[in-house]
Amino acid sequence: MAKPGRGVPLLLPYACPVTPADLSRTVLHAVHRAVDENALHAPVPACVRVERTRPGGSGDYACAVALQLAGDAGLPALEVARILRERVAAEPGIGRVEITGPGFLSFTLDAPGDRDRAVLDAVREQGSAYGHGGALRDEVLQFHHAREVRAAVTADTVRRLVISQGARVRISCEEAGEAEWSLLGVTVDAHGTPPVPLTPVRPVPAGATAGELLERLGADATRWGLLRPASHDRAPLGDELLVQGEANPLFRVRYAHARARALTRGAAALGFTSAPDAAVHEGSARPLLDLLADHPGVLLAAARHRAPDRVARHVEAVAHAFFDFHDSCPPLPSGDEKPSAAHRSRLALAEAAGTVLAGGLSLLGISAPAHL
């Protein structure tokens, strides 16, 4: 998973919180996210205390972390509580988060399975747009890059990411780009340096032209090779990007998507469809469910930090968790076995994983074939 500058994982897979210790880690995780996303400027505490709500109070648990952080953050405790509430409320297992008194956070936990079903329902309803939102709707951005293929592809992908979060954006290049950029899905709105505030996009150069990369790798492998490493790292662009095996992360991600789509076709041939229920809590489902729940936060963080590599690493993690789940809890019955509620539930999770993989690849400008 991606690591923010402070060395703290931005998004962590974990089980739904059911104890004060679990919930404490969830709140601390939300503080880390708020600080990493520059929504909160304060030292991250070593731990966060969560206690059972006292008689007459609201919710199952309460926490005073907003009051603790307010002084260092230079904000009223109520504002700190609002910043944390929107991040905690998105975490698995949290049913409702209220702000009470001068800035206490009060938590009501989901009943078992409610959060997971909500995630699966959201993926089903929103499709490949799951994780898109309006957090950046007030931002108007101008990205500027050099006449270099990695900078052009990175700027194009950052544009896709920030638009997915509601921002408006234009891209300018120092001079006219290569004709082959269009074959990589890249467009530039203006050439030269506009007389407006700019956000430069300056990854380590690819060391090759778009034409050279397209001829050797094709569009999808070229984009993955340019975007998968962090922008400050060199982009490996060897023939390993074309290997059709699990050692190649791009192939593994696209194969996971294709396999998820094949499961839907296989279920239709057997006469059943997906339907999430409590059976989705089978052991190996937990990491995959948590990664799907994390997806909106990953997209927002990638947009805020102009970091497409976070999306690439996230879809890699989803693909890995999908195969672990698929192998231990097959969504399709075997032999003379009849389709059961468990198979329908497993299929719902597999389909959601395929949808998230397709959406992530789309934001990276990479195709997600239904057959491989």
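Colleague: Is there a simple way to think about the packing of helix H7 (residues 249–270) against helix H9 (residues 308–328) in this case?
Modeller: Packed helices, taken two at a time, are described by the angle between their axes plus the distance between the axes. The N-to-C vectors of H7 and H9 enclose an angle of 50°; their axes lie 9 Å apart at closest approach. On the basis of their axis angle, the class for H7 and H9 is oblique. Crossing handedness for the pair H7 and H9: left-handed. Residues Pro-249, Arg-252, Val-253, Tyr-255, Ala-256, Arg-259, Ala-260 and Leu-263 of H7 pack against Val-315, Glu-316, Ala-319, His-320, Phe-322, Phe-323 and His-326 of H9. Residue composition of the contact of H7 with H9, grouped by class: 10 nonpolar, 2 polar and 3 charged.

Colleague: I tried to follow the pattern of salt bridges on my own but got confused; where do I start?
Modeller: Opposite charge on two side chains allows them to pair when their charged atoms are near. Summed over all chains, the structure comprises 17 salt bridges. The partner of Arg-82 in a salt bridge is Glu-79, and the shortest N-O contact between them spans 3.0 Å. On the criterion of helical spacing, the pair formed by Arg-82 and Glu-79 is a turn pair, its members being 3 residues apart in helix H3 (residues 77–88). Arg-82 gets classed as partly exposed once you look at its relative accessible area, which sits at 39%. Look at Glu-79 and you get partly exposed, because its relative accessible area is 28%. Residue Arg-228 is joined to Glu-316 by a salt bridge in which the shortest nitrogen-to-oxygen separation is 2.3 Å. With Arg-228 in the loop between helix H6 (210–227) and H7 and Glu-316 in helix H9, this pair connects stretches of sequence that are 88 residues apart. Through salt bridges with shared partners, a single ionic network connects Arg-33, Glu-37, Glu-86, Arg-87 and Arg-304.

Colleague: Quick question: what am I supposed to make of the nonpolar core here?
Modeller: Across soluble globular proteins, you tend to see nonpolar side chains buried next to one another. Among the nonpolar cores identified, the biggest contains 74 residues, and Val-149, Val-162, Trp-224, Leu-288, Leu-292 and Phe-322 are the most heavily contacted of them. Here Trp-224 is in contact with Pro-229, Leu-241, Pro-249, Leu-250, Val-253, Ala-312, Val-315, Glu-316, Leu-361, Leu-364 and Ile-366, once residues within four sequence places are set aside. Grouped together as the second largest cluster of nonpolar side chains are 28 residues, Leu-40, Cys-63, Ile-83 and Leu-84 included.

Colleague: Any chance you could explain the sheet that holds strand E5 (residues 140–145) here in plain terms?
Modeller: Consider a sheet: its strands pair through backbone hydrogen bonds, and that pairing is either parallel or antiparallel. Taken together, 4 strands build an open sheet; the order of strands is E7-E6-E5-E8 and the sheet is parallel. With one partner strand each, in any of the chains shown, strand E7 (190–191) and strand E8 (199–201) form the two edges of the open sheet. Summarising the sheet, E5 and strand E6 (residues 168–173) pair through 6 bridges and their orientation is parallel. Residue pairing for E6: His-145 is matched across the bridge by Cys-173.

Colleague: Can you help me understand the sheet that holds strand E1 (residues 50–52) in this one?
Modeller: Strand order in the open sheet made by the 4 strands is E1-E2-E4-E3, with antiparallel pairing throughout. At either end of the open sheet lies a strand with only one pairing partner, and these are E1 and strand E3 (94–100). Neighbour to neighbour, the strand axes of the sheet diverge by 30° on average, direction disregarded. Sheet topology note: the E1/strand E2 (residues 61–63) ladder contains 3 bridges and is antiparallel. The residue of E2 that forms the bridge with Val-50 is Cys-63. Sheet strands in contact with helix H1 (residues 20–36) are E1, E2, E3 and strand E4 (104–109), and its direction is about 140° off that of E1.

Reading the values: rules and limits
- All residue numbers refer to positions counted from 1 along the written sequence of the respective chain.
- This being a predicted model, a pLDDT of at least 70 is required before a residue's local features are given, and a value of 80 or more before pairs of side-chain atoms are given or counted; all residues contribute to the totals for chains, interfaces and linings.
- As a convention, hydrogens and water are excluded, and side-chain values are obtained from all of the structure's heavy atoms.
- Orientation is described by lines fitted to C-alpha atoms, with helices fitted over the stretch in contact, and by angles between N-to-C directions that extend from 0 to 180 degrees.
- Secondary structure elements follow DSSP: runs of H or I no shorter than four residues count as helices, runs of E no shorter than two count as strands, and numbering proceeds from the N terminus.
- To sort the angles, those under 35 degrees are grouped as roughly parallel, those over 145 as roughly antiparallel, those from 65 to 115 as roughly perpendicular, and the leftovers as oblique.
- Crossing handedness follows the turn of the near helix against the far one: under a right angle anticlockwise gives a left-handed crossing, and clockwise gives a right-handed one.
- The contact criterion used is simple: two residues touch if any of their non-hydrogen atoms lie within 4.5 Å.
- Three categories are distinguished: nonpolar for Ala, Val, Leu, Ile, Met, Phe, Trp, Tyr, Cys and Pro, charged for Asp, Glu, Lys and Arg, and polar for the others, with Gly belonging to the last.
- Salt bridges, as used here, are contacts in which a Lys or Arg side-chain nitrogen is within 4 Å of a carboxyl oxygen on Asp or Glu.
- Only protein chains enter the calculation, and the probe is 1.4 Å; a residue is then buried if its accessible area is under 20% of its type maximum, exposed if over 50%, and partly exposed in between.
- Residues belong to a common nonpolar core when they are buried Ala, Val, Leu, Ile, Met, Phe, Trp, Tyr or Cys residues joined through side-chain atoms within 4.5 Å.
- A pair of strands is labelled paired if DSSP reports no fewer than 2 bridges between them.

Any functional reading would require information beyond the geometric quantities listed.
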